[in-house]
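# A structural walkthrough
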Amino acid sequence: MSEPLVMGIESSCDETGVGIVRGTELLAHALSSSMEQHVRFGGVVPEVASRAHLEAMVPTLEEAYRESGIRVQDVDAIAVTCGPGLTGALLVGVAAAKALALAHDKPLYGVNHLAAHVAVDQLEHGRFDRRVGALLVSGGHTEILLVDDIATDITLLGQSIDDAAGEAFDKVARLLGLPYPGGPHVDRVARGGDPTAVRFPRGLTGGRDLDKHRYDFSFSGLKSAVARHVQHEQRMGRGFVVADVAASFQDAVCDVLTRKAIAACLAHDVDTLIIGGGVAANARLRHFAEERAAKAGIEIRVPRMGLCTDNGAMVAALGAEVVRRGLPPSSLDLPADSSLPVTQIVAA
């Protein structure tokens, strides 16, 4: 079939996104964020996020129509994030997509938010038509994936067993007196620090832990180590350099993420690693990944900054691949599933 024209709707957390793509060509990328409403709480408040999605959905749809010159009547299908994410937030996007699909007689596809973070790279670098590895670092999720087919076949190789990397960044930023969201602020401050100033632990990287959790992650101990270091320095009446602590913490995270991702690629004979999710915007993570991948002969693909964070374009990109393969659409009683596993790419 010709390249499918697909609209994607995203509302899993605090961004309301609508994207329109034709195959791997991005036509519209409209986004509304409620981040500023959550800053004073130091984290996303689900009820606030849900209400913000309700207010932003129609204006964001209209912005996508204006940007692309395409309306919902023109598309071949509608894709929507149905999980994982915040239940109330997901319900807003799912309800909007169902209404549009029913009103305009369009097939509806409920797709996986995490798989969409991988699929969006195709809008930047073209299709990957062979097996690839993926390091997904998105909010509450840190995972290593083996992608045989982005629309039908994803294997979970490893994941965080406690705090995800994004959560660790937020918690450490709070310890250091940095604003929410923590990731961008830690990255910014760390650029002026010494990453060797403090030797923080690298969780699940040695001995029995590595045997049992070869591709899994744990950042809870690292977060606690940062807290103990800060408290110790304060008890001793010494100041500490925020930039040095931030840089040392960030290096510990990026070291483990990239070390395990590259090891997984080598073990599974994969020559391409895609890095997706909001933390993919981290400059130090990109540096580690590129340096280690070059030594291992692995190609690194990272979407541009605006496509790393949650957005409707990534949902549309995954939807287009699903439609291109002729997979059956989801039913109109499609539920929102806050714990949808990454291996379930399309909901029935």
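A brief look at the structure comes next. Since this is a predicted model, take the numbers as computed values, not measurements.

Criteria and thresholds
- Residues numbered from 1 in each chain as written.
- Predicted model: local features only at pLDDT ≥ 70, side-chain atom pairs only at ≥ 80, totals over all residues.
- Heavy atoms only, no water.
- 1 Å grid on protein atoms, 1.4 Å probe; cavity = no way out; pocket = protein on both sides within 12 Å on 5 of 7 lines; lining within 4 Å.
- Points joined across faces, edges and corners; volume = space filled by probe spheres on them.
- Helix = DSSP H or I, 4+ residues; strand = E, 2+ residues; numbered from the N terminus.
- Nonpolar A, V, L, I, M, F, W, Y, C, P; charged D, E, K, R; others polar.
- Expected span 1.5 Å × (residues − 1).
- Buried < 20%, exposed > 50% of the residue type's maximum accessible area, 1.4 Å probe, protein only.
- Arc of directions from axis to C-beta.
- Contact = heavy atoms within 4.5 Å.
- Polar contact = N/O pair within 3.5 Å; in protein donor to acceptor, adjacent residues only side chain to side chain.
- Axes fitted to C-alpha atoms, helices over the stretch in contact; angles between N-to-C directions.
- Parallel < 35°, antiparallel > 145°, perpendicular 65-115°, else oblique.
- Left-handed = near helix turned anticlockwise from the far one by under 90°.
- Pairing = 2+ DSSP bridges.
- Core = buried A, V, L, I, M, F, W, Y, C linked by side-chain atoms within 4.5 Å.
- Phe/Tyr/Trp six-rings, centres within 6.5 Å; stacked < 30°, edge-to-face > 60°.

### Some details on the layout of surface pockets
Looking at the largest pocket, its volume works out to about 1,000 Å³. If you trace the largest pocket, you find 37 residues lining it, with S138, G139, G140, D170 and Y180 closest to the centre. For the lining of the largest pocket, the elements supplying multiple residues, two or more each, are α6 (165-175) and α7 (182-190). It is α6 that contributes the most residues to the lining of the largest pocket, six residues altogether. Considered class by class, the residues forming the lining of the largest pocket number twelve nonpolar, 15 polar and ten charged.

### Focus: helix α11 (residues 283-296)
Relative to the 20 Å expected for 14 residues at 1.5 Å per residue, α11 spans 20 Å between its end C-alpha atoms, a close match to the ideal helical length. Three or more residues of α11 are buried, namely L285, R286, F288, A289 and A293. On an axial view of α11, the arc spanned by its buried residues comes to 165 degrees, and they lie on one face. Residues of α11 that are exposed and angled more than 90 degrees away from the buried face: A294 and K295. Those residues of α11 hidden inside the fold are in contact with β6 (132-138), α10 (242-267), β9 (272-276), β10 (299-301) and α12 (305-308). Among the residues of α11, the N-terminal cap falls to N282, whose side-chain oxygen and the backbone nitrogen of R284 are separated by 2.9 Å. Phi turns positive one or two residues past the end of α11, at G297, with a value near 75 degrees.

### Notes on the packing of helix α9 (residues 220-235) against α10
Following both chains from N to C, one finds α9 and α10 inclined at 165 degrees, their axes separated by 11 Å at the closest point. Relative to α10, the element α9 lies roughly antiparallel. The crossing of α9 and α10 is right-handed. Contacts between α9 and α10 pair L222, V226 and H229 from the former with V245, F249, A252 and V253 from the latter.

### Observations concerning the sheet that holds strand β1 (residues 5-10)
Here we have five strands laid out as an open sheet, ordered β3-β2-β1-β4-β5, and mixed in their pairing. Two strands in the sheet have a free side with no partner beyond their single neighbour: β3 (25-33) and β5 (108-112). Geometrically, the sheet is characterised by an average inter-axis angle of 20 degrees between neighbouring strands, direction not taken into account. For strand β4 (residues 77-83) and β5, the ladder comprises five bridges, and the chain directions are parallel. Counterpart to A79 in the pairing with β5 is Y109.

### Some thoughts on the nonpolar core
Judged by nonpolar contacts, the single largest core of 49 residues is most densely connected at L135, F200, F249 and L257. When residues of this core are traced back to their parent elements, those giving at least two are β6, β7 (141-149), α6, α7, α9, α10, β9 and α11. Broken down by element, this core gets its largest block of residues, 14 residues, from α10. In this structure F249 touches A168, F169, V172, V186, F200, L222 and V226, once residues within four positions along its chain are discounted. Judged by nonpolar contacts, the second largest core, of 36 residues, contains V21, I274, L307 and M314.

### Here we look at empty space enclosed by the protein
The tally for this structure, following the rule as stated, stands at one cavity of 30 Å³ or more. Estimated volume of the largest cavity: approximately 30 Å³. Forming the boundary of the largest cavity are G133, A134, I144, L145, L146, L157, A261, A264, C265, H268 and L273. Listing elements by their share of the lining of the largest cavity, those giving two or more residues are β6, β7 and α10.

### Remarks on the packing of aromatic side chains
In this description, an aromatic ring pair is defined by two values, namely the gap between the centres and the angle between the planes. This structure, assessed with the given rule, holds two aromatic pairs. Here F169 and F249 contribute two aromatic rings whose centre-to-centre distance is 5.1 Å and whose plane-to-plane angle is 75 degrees, an arrangement assigned as edge-to-face. With F169 in helix α6 and F249 in helix α10, this pair connects stretches of sequence that are 80 residues apart. Accessibility assignment for this pair places F169 and F249 in one class, buried. Relative to F219, the ring of F217 lies with its centre 6.0 Å away and its plane at 10 degrees, an arrangement referred to as stacked. On the basis of relative accessible area, F219 is assigned to the buried category, the value being 2%.

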